[in-house]
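Here is what each chain is made of, one letter per residue.
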Amino acid sequence: DTGVSQNPRHKITKRGQNVTFRCDPISEHNRLYWYRQTLGQGPEFLTYFQNEAQLEKSRLLSDRFSAERPKGSFSTLEIQRTEQGDSAMYLCASSLSQGAGELFFGEGSRLTVL
Amino acid sequence: GENVEQHPSTLSVQEGDSAVIKCTYSDSASNYFPWYKQELGKRPQLIIDIRSNVGEKKDQRIAVTLNKTAKHFSLHITETQPEDSAVYFCAASKGNQFYFGTGTSLTVIP
């Protein structure tokens, strides 16, 4: 499968715990995006990478959130000291960098914070 | 930043009828407008897109129109089928970030 893959697909955690999600983009895509989606809403932009450089971060990305893409391939999104309000679907997407082009989404990682 | 508004939030149509979903955007620099379909529990998938140098684009039963002056764009689905039932999201982009609308839940009644 050469699509965007994310894991874990589901994560249930207790408030205050740390969680980490991984995204493997399509191999030739150098742009990688993280979005958050809650029920009944569209994807909300969190951050984006061009290769290994994190070029933009949303103000939604509090200090408890950190994302990395160390070698310009896979990316991780870590949430520290989780809160119930962090419960959401975290979507990863990738694209080629020539102008604006199609985003290819992963299946998402659903986080439930108890 | 960009603000994308999408209407209606829910839409029910009889099978065979047409469905229209409308979006407005705020940033005149946005130049790429994709539409994504998301079925329950699945990933969003691109169904059609349009760039700012084009006013209309059609792909079989799906068409998108863009009015740059008014900063709005619309998705038109003709001859709807039950498998068209899903949530549809519009988005606007000027190259890097993509800003999504809040989605329209379309139900096609057989």
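Being a predicted model, the structure only gives us computed values, none of them experimental.

Draft legend 1. Quick look at the overall build of chain B. When helices and strands are counted, chain B shows 0 helices and 11 strands. Secondary structure elements of chain B, listed N to C terminal, follow the sequence β-β-β-β-β-β-β-β-β-β-β. Relative to the 2.2 N^0.38 estimate, which gives 13 Å for 110 residues, the radius of gyration of chain B is 13 Å and therefore close to what a compact globule would have. Taken over the C-alpha atoms alone, chain B extends approximately 40 × 25 × 20 Å along its principal axes. The burial tally for chain B puts 45% of its 110 residues in the buried class.

Draft legend 2. Representation of the pairing of strand β2 (residues 10–14) of chain B in the model. Residue and element names in this part refer to chain B. Residues of β2 alternate between two faces, with Leu-11 and Val-13 buried on one and Thr-10, Ser-12 and Gln-14 left unburied on the opposite face. In this structure, β2 lies alongside strand β11 (residues 104–109), joined through 5 bridges in parallel fashion. Along β11, the bridge assignment pairs Ser-12 with Thr-107.

Draft legend 3. Molecular detail of the interface of chain A and chain B. Listed as interface residues are 22 residues of chain A and, on the opposing side, 19 residues of chain B. Roughly 1700 Å² of surface becomes buried between chain A and chain B when both sides are summed, with 49% attributable to carbon and sulfur atoms. Where chain A meets chain B, there are 1 salt bridge. With its nearest N and O atoms 3.0 Å apart, the salt bridge here joins Arg43(B) to Glu107(A). For the pair chain A and chain B, the interface holds 6 residue pairs in polar contact (both at pLDDT 80 or more). Those elements that place two or more of their residues in the side of chain A that touches chain B are β4 (31–37) and β5 (44–50) of chain A. With 4 residues, β4(A) is the largest single contributor of residues to the side of chain A that touches chain B.

Draft legend 4. Fine view of the sheet that holds strand β6 (residues 56–59) of chain B. Residues and elements named next belong to chain B. Taken in spatial order, the 5 strands make up an open sheet running β1-β3-β8-β7-β6, and their pairing is antiparallel. Each end of this open sheet is capped by a strand with a single partner; those strands are β1 (5–7) and β6. Across this sheet, the average inter-strand angle for adjacent strands is 15°, counted without regard to direction. Bridge count between strand β7 (residues 62–67) and strand β8 (residues 72–77): 6 bridges; the pairing is antiparallel. Each bridged residue has a counterpart across the sheet, and for Ile-62 the counterpart in β8 is Ile-77.

Draft legend 5. Structural context of the sheet that holds strand β1 (residues 5–7) of chain A. All names here are of chain A. One open sheet holds the 4 strands; their spatial order is β1-β3-β8-β7, and the pairing between them is antiparallel. Since the sheet does not close on itself, it has two edges, and those belong to β1 and β7 (65–68), each with one partner. Averaged over all neighbouring strand pairs, the angle between strand axes comes to 15°, with direction disregarded. Two elements, strand β3 (residues 19–24) and strand β8 (residues 75–79), share 5 bridges in a ladder whose sense is antiparallel. Paired with Cys-23 across the strands is Ser-75, a residue of β8.

Draft legend 6. Layout of the pattern of salt bridges. Taken as a whole and judged by the stated rule, the model has 9 salt bridges over all chains. The residue Asp49(B) makes a salt bridge to Lys57(B) at a minimum N-O spacing of 2.8 Å. By relative accessible area, Asp49(B) is classed as buried at 16%. Several salt bridges share partner residues, and in doing so they unite Arg64(A), Glu83(A) and Asp86(A) into one network.

Criteria and thresholds
- Residues numbered from 1 in each chain as written.
- Chains lettered and ligands numbered in written order.
- Predicted model: local features only at pLDDT ≥ 70, side-chain atom pairs only at ≥ 80, totals over all residues.
- Heavy atoms only, no water.
- Helix = DSSP H or I, 4+ residues; strand = E, 2+ residues; numbered from the N terminus.
- Rg over C-alpha atoms; globule rule 2.2 N^0.38 Å.
- Buried < 20%, exposed > 50% of the residue type's maximum accessible area, 1.4 Å probe, protein only.
- Pairing = 2+ DSSP bridges.
- Contact = heavy atoms within 4.5 Å.
- Buried area = accessible area lost by both parts, 1.4 Å probe.
- Salt bridge = Lys/Arg side-chain N within 4 Å of Asp/Glu carboxyl O.
- Polar contact = N/O pair within 3.5 Å; in protein donor to acceptor, adjacent residues only side chain to side chain.
- Axes fitted to C-alpha atoms, helices over the stretch in contact; angles between N-to-C directions.

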